[in-house]
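# Understanding the architecture of this molecule
Residues per chain are reported as follows:
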Amino acid sequence: MKDIAARGAWYAAGLALGAATAVTELLFFLLAGLVLLPLLAWPRARRAALRWAGTVAGRLTTLEGRRLSRFLAVPVPPAHGSGQRTRYLAARCPLGLLGGVVLGCAVIGLAYGSFVFWGWLVTDIRYLGLVAVTSLAGFLLLFLAAQGIFGVALLEGRLARHFLGPSPQDRLEQRITQLATTRAGVLSAVDDERRRIERDLHDGVQQRLVALGMLLGRARRSRDPERAGELLRQAHEESRRALAELRDAAWRIHPAVLDEAGLRAALETVAERTPLPLTLEYEVDGAALARTVETVAYYVVSETVTNVVKHSGATRIGVSLSHEGAAGPLHLRVEDDGRGGADPAGGGLTGLASRVAALDGRLAVHSPPGGPTVVSAELPCA
């Protein structure tokens, strides 16, 4: 309740300032009209006057942006031209004056509503019932005005985003740029993954197989049955290690359990294979997630847990996933109690960010020195 009251007070202050700026903007339009009307026949003078009007409109728009950001918590995108700013100011003038009217109604409602408490100090109250009814009407007006304050604040934000936001072509260009960037990031992540797989196979499985071949060759050349038996035993152990490393490499490429049993079973397997205590909170409703979402979520958890085990010095890991409704996003969070200081621009985290961005998701890393480190992701599911 305190938060709502504090926010309402900030909104009221913002609307009061907005009413004052609306009057200023109205005077600006009247002055600009009086200046431009006599100059319509002189192109050079008209262009100079338009430049002046555009400069003033830009300053007024900047002032409005600061007001919206400070009091109404509305981030205002930068306008792309003087015409865009002028149209915004023209549309905002009546809305700003409406905000002033709503604040006036709030003040009147508060005065009438509280009159029953302070009216006896300034006058003789003879009809207490009528005063009580008037106070109730005043409190009703105050309640409606409070609702109006929140409504006008909401309209202020929508108006600013409508007139000052990017045009459809600008949004299309931004989307194309974003898709090109995410595609390049995915290709880079895939190349890094291929290099890692090649390195794991070369440094792990291949070395095991070479050692296995050498042991078998020495066993074939040995003339001592006991020595040959010992070499065969070592070769058998080496084949088991090679098979385990090959199984681990295949698991890191893509776990079969993810396709067979789903995301939860795959994450439970990650928890079983992790040497640190890992707590898994899986709060996903019964609706099946898309295969691509499950895959990206699995890799975010798996790679983050691997990095924690290798680099963080943590003693515990917490993983939580939540998803509400079929159209809601999947929220993912991995937290550890390690030393912190993880670099979001590092190769591993950059690859995860590229995977998440490919689904129009967001990845955030909070890792202050000393910890804890929190890696969170939001994956759209609609």
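Residues numbered from 1 in each chain as written. Predicted model: local features only at pLDDT ≥ 70, side-chain atom pairs only at ≥ 80, totals over all residues. Heavy atoms only, no water.

## Observations concerning the pattern of salt bridges
Put simply, the rule is: By definition here, a salt bridge exists when the distance from a side-chain nitrogen of Lys or Arg to a carboxyl oxygen of Asp or Glu is within 4 Å. Note on conventions: DSSP H or I runs of at least 4 residues are helices, E runs of at least 2 residues are strands, and numbering of each starts at the N terminus. Partly exposed describes any residue whose relative accessible area lies between the buried limit of under 20% and the exposed limit of over 50%, with all areas from a 1.4 Å probe on protein chains only and scaled to the type maximum.
One pass over the structure, following the stated rule, counts ten salt bridges. Of the charged contacts, one joins glutamate 156 and arginine 67 as a salt bridge, the two residues approaching to 3.2 Å between their closest N and O atoms. Pair noted here: glutamate 156 is in helix 5 (residues 128-164) and arginine 67 is in helix 2 (residues 43-71), with a separation of 89 residues, a long-range link. Summarising the burial analysis for this pair, glutamate 156 and arginine 67 share the class buried. Salt bridges sharing common partners tie together Glu25, Glu64, Arg67, Arg92 and Glu156.

## Section: unusual backbone geometry
Both trends apply: most residues other than glycine have a negative phi, and most peptide bonds are in trans. A positive phi angle, close to 55 degrees, is found at alanine 73, a residue other than glycine. Relative to the elements of secondary structure, alanine 73 occurs in the loop between helix 2 and helix 3 (82-113). Judged by relative accessible area, alanine 73 falls into the exposed class, the value being 62%. Phi is positive for aspartate 360, which is not a glycine, with a value near 65 degrees. Assignment of secondary structure puts aspartate 360 in the loop between helix 11 (347-357) and strand 4 (362-366). Its relative accessible area of 36% is what places aspartate 360 among the partly exposed residues.

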